[in-house]
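Listed below, chain by chain, are the residues.
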Amino acid sequence: MKIRLENLTKKFPNRNKKHGEYVIAVNDFDFEIPSGKLIGLLGPSGCGKSTTLNLISGLETPTEGKIFFGEDDVTHLPPENRGVGLVFQNYALYPHLTVQQNIMFPLQNLRGKDKLSKDEMKRRALEAAKLVQIDTLMERKPSELSGGQQQRVAIARALVKMPRVLLLDEPLSNLDARLRLQTREEIRRIQKATGITTIFVTHDQDEAMSISDQIVVMKDGVVHQIGKPQEVYDHPTNLFVATFLGTPSINVFRARVQGEKLYIGEENVLATPGIQDRDVICAIRPEGFLLDQEGPFTLGLDRVEIMGRDTSVVCTHEAAVSEVLRAIVRTDSLVDEEKNTVRFSLLPRKVHLFDPETEEDLPFEV
Ligand code: ADP
Ligand code: MG
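Remember, it's a predicted structure, so these values are computed and weren't measured experimentally.

(A) Up close: the sheet that holds strand E10 (residues 222-227). What the 6 strands build is an open sheet, ordered E6-E7-E8-E3-E9-E10; its pairing is mixed. Two strands close off the open sheet at either side, each with one partner strand: strand E6 (84-87) and E10. Here the average twist between neighbouring strands, direction ignored, is 15 degrees. Taken together, the 4 bridges between E6 and strand E7 (residues 165-169) define a ladder with parallel strand orientation. Across the sheet, the residue bridging to Val87 is Leu168, located in E7. The sheet contacts of helix H4 (residues 147-159) involve E6 and E7, and relative to E6 the element is tilted by about 170 degrees. Together, strand E3 (38-42), E7 and strand E8 (197-202) form the strand contacts of helix H5 (residues 177-194), whose direction differs from that of E3 by roughly 140 degrees.

Following this line, the structure appears as structure tokens:
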């Protein structure tokens, strides 16, 4: 089922009045979440991700705007009537109940025509447990499970009512690195298997990029860009999006364009057809640097870090805005560490220009 947000806004009274009367946690969201997809809501801490989820689930009411599930206006529908499954960072399982009882819990509150027999509840709990592969642990208590298993129980509990929408708020934050990777793939698999429209909130761009059909990049309550992860990575609409996505981060320089050529410092590093003479912010992906002894772009060589599959050349430059500059090259490429400098040519499609005032993208012909 698709979800539509229409001019959705949430203001909170500001705790610190010095910074104004309101915090606008969600500012005029206006977009559609397609049916059956997994959407990653991505942005730094405090940007309004949880508030957005809470509006969709009904735990918060909007200050302005509307929420539609399919064609139904659910803006004023109580949470329990929206058909949403929720999973939070802290799994919040009942410690004295078994896995089976935890998963069945939401079904026990069903009344009237929705009321289920005990056997039917058990059957559904088992089905949900199978989906997250914990069906052999049904008799255990939460304290007898690992963090990853506990989170699976929480996901099973969210799925057991067969929700129309699954909302996950930083569900992997309490897990260690390996489990995080494993569980995010699991979530992807479950989402594909059930086809439930899912919104996955995270501040971790890697996480969002790896499992989402679409990402929504936000900052300070404002949506900055929506698109397929690769599209957003390849074509960031502004400097914030460019710097927020990608590890290692994109490398940012003060630069200028003259005669449709890009200058960083004194060097003409790239042709940028279609851009007028002006100052620009130039951002270059780490993989956009090609080691090239004849290359036009000279950087100070700080050190070389070998990290398994590839090599990170850590550089310096007087026009750098980023604290650290990193070029990623293949492990078998040779960097002469005796030298103070290293030269590169640039891959044009890995280079982005931005207006220094508005920080909006300035497209050039690649
Ligand atoms: P995120 O989940 O992206 O970290 P939140 O949605 O939790 O961000 O918060 C967005 C903004 O709204 C923050 O500035 C936060 O302090 C503020 N905020 C969230 N909930 C409340 C509340 N109940 N009262 C006042 N301010 C709130
Ligand atoms: Mg949050």
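(B) View of the sheet that holds strand E15 (residues 289-291). In spatial order, the strands read E15-E19-E16-E17-E18; together these 5 strands make up an open sheet with antiparallel pairing. Strand pairing shows two members of the sheet lacking a second neighbour, E15 and strand E18 (325-330), which therefore form its edges. Along the sheet, successive strands turn relative to each other by an average axial angle of 55 degrees, direction set aside. As judged from the 7 bridges shared by strand E16 (residues 297-307) and strand E17 (residues 310-316), these two strands associate in the antiparallel manner. When the sheet's bridge partners are listed, Met307 is paired in E17 with Asp310.

(C) Examining H5 more closely. Its 18 residues give H5 an end-to-end C-alpha distance of 26 Å, which sits within 8% of 26 Å, the value for a rise of 1.5 Å per residue. Among the residues of H5, Thr183, Arg184, Glu186, Ile187, Arg188, Ile190 and Gln191 are the ones counted as buried. Contacts from the buried residues of H5 go to E3, helix H3 (118-131), H4, E7, E8 and helix H6 (205-211). Of the residues flanking the end of H5, it is Gly195, one or two places downstream, whose phi is positive at about 70 degrees.

(D) Region of the structure containing the state of the cysteines. One pass over the full model with this rule turns up 0 disulfides. Its sulfur unpaired, Cys282 is 14 Å from the next cysteine sulfur, which belongs to Cys315.

(E) Structural view of the side chain of His317. Mapped onto the fold, His317 is located in the loop between E17 and E18. Only 3.0 Å separates the side chain of His317 from the backbone nitrogen of Ala319, close enough to count as a polar contact. When sequence neighbours within four positions are dropped, the list of residues in contact with His317 reads Phe253, Ile264, Gly265, Phe297, Thr298, Leu299 and Leu325.

(F) Representation of the packing of aromatic side chains in the model. All told, the structure shown has 6 aromatic pairs when counted by the stated rule. With a centroid separation of 5.5 Å and an interplanar angle of 65 degrees, the aromatic rings of Phe253 and Phe297 are classed as edge-to-face. Taken together, the residues span a long stretch of sequence, with Phe253 in strand E11 (residues 251-258) and Phe297 in strand E16 at a distance of 44 residues. Judged on exposure class, the residue Phe253 and its partner Phe297 are both buried. Ring geometry for Phe289 and Phe297: centres 6.2 Å apart, planes at 20 degrees, overall stacked. For the pair formed by Phe289 and Phe297, the shared burial category is buried. One aromatic cluster in this structure is built from Phe253, Phe289, Phe297 and Phe344. Directly above the ring of Tyr22 sits Lys11, whose terminal nitrogen or CZ lies 5.5 Å from the centroid.

(G) Region of interest: the nonpolar core. With 35 residues, the main nonpolar core has Ile103 and Ile134 as its most contacted residues. For this core, the elements supplying multiple residues, two or more each, are helix H2 (99-108), H3, H4, E7 and H5. Per-element accounting of this core gives the leading share, 6 residues, to H4. Dropping the residues within four chain positions of it, Ile134 is found in contact with Val99, Ile103, Ala129, Gln149, Arg152, Val153 and Ala156. Of all hydrophobic cores here, the second largest spans 31 residues; its members include Ile284, Val304, Phe344 and Leu346.

(H) Examining the pairing of strand E4 (residues 64-69) more closely. Summarising the sheet, strand E1 (residues 3-13) and E4 pair through 5 bridges and their orientation is antiparallel. Looking at E4, one finds that Leu5 is bridged to Ile67. Looking at chain direction, E4 and strand E5 (residues 72-73) are connected through 2 bridges and run antiparallel. By the bridge assignment for E5, Phe68 is matched with Asp73.

Procedures and definitions
- Residues numbered from 1 in each chain as written.
- Chains lettered and ligands numbered in written order.
- Predicted model: local features only at pLDDT ≥ 70, side-chain atom pairs only at ≥ 80, totals over all residues.
- Heavy atoms only, no water.
- Pairing = 2+ DSSP bridges.
- Helix = DSSP H or I, 4+ residues; strand = E, 2+ residues; numbered from the N terminus.
- Axes fitted to C-alpha atoms, helices over the stretch in contact; angles between N-to-C directions.
- Contact = heavy atoms within 4.5 Å.
- Expected span 1.5 Å × (residues − 1).
- Buried < 20%, exposed > 50% of the residue type's maximum accessible area, 1.4 Å probe, protein only.
- Disulfide = S-S within 2.5 Å.
- Polar contact = N/O pair within 3.5 Å; in protein donor to acceptor, adjacent residues only side chain to side chain.
- Phe/Tyr/Trp six-rings, centres within 6.5 Å; stacked < 30°, edge-to-face > 60°.
- Lys NZ or Arg CZ within 6 Å of the ring centre and 35° of its normal.
- Core = buried A, V, L, I, M, F, W, Y, C linked by side-chain atoms within 4.5 Å.

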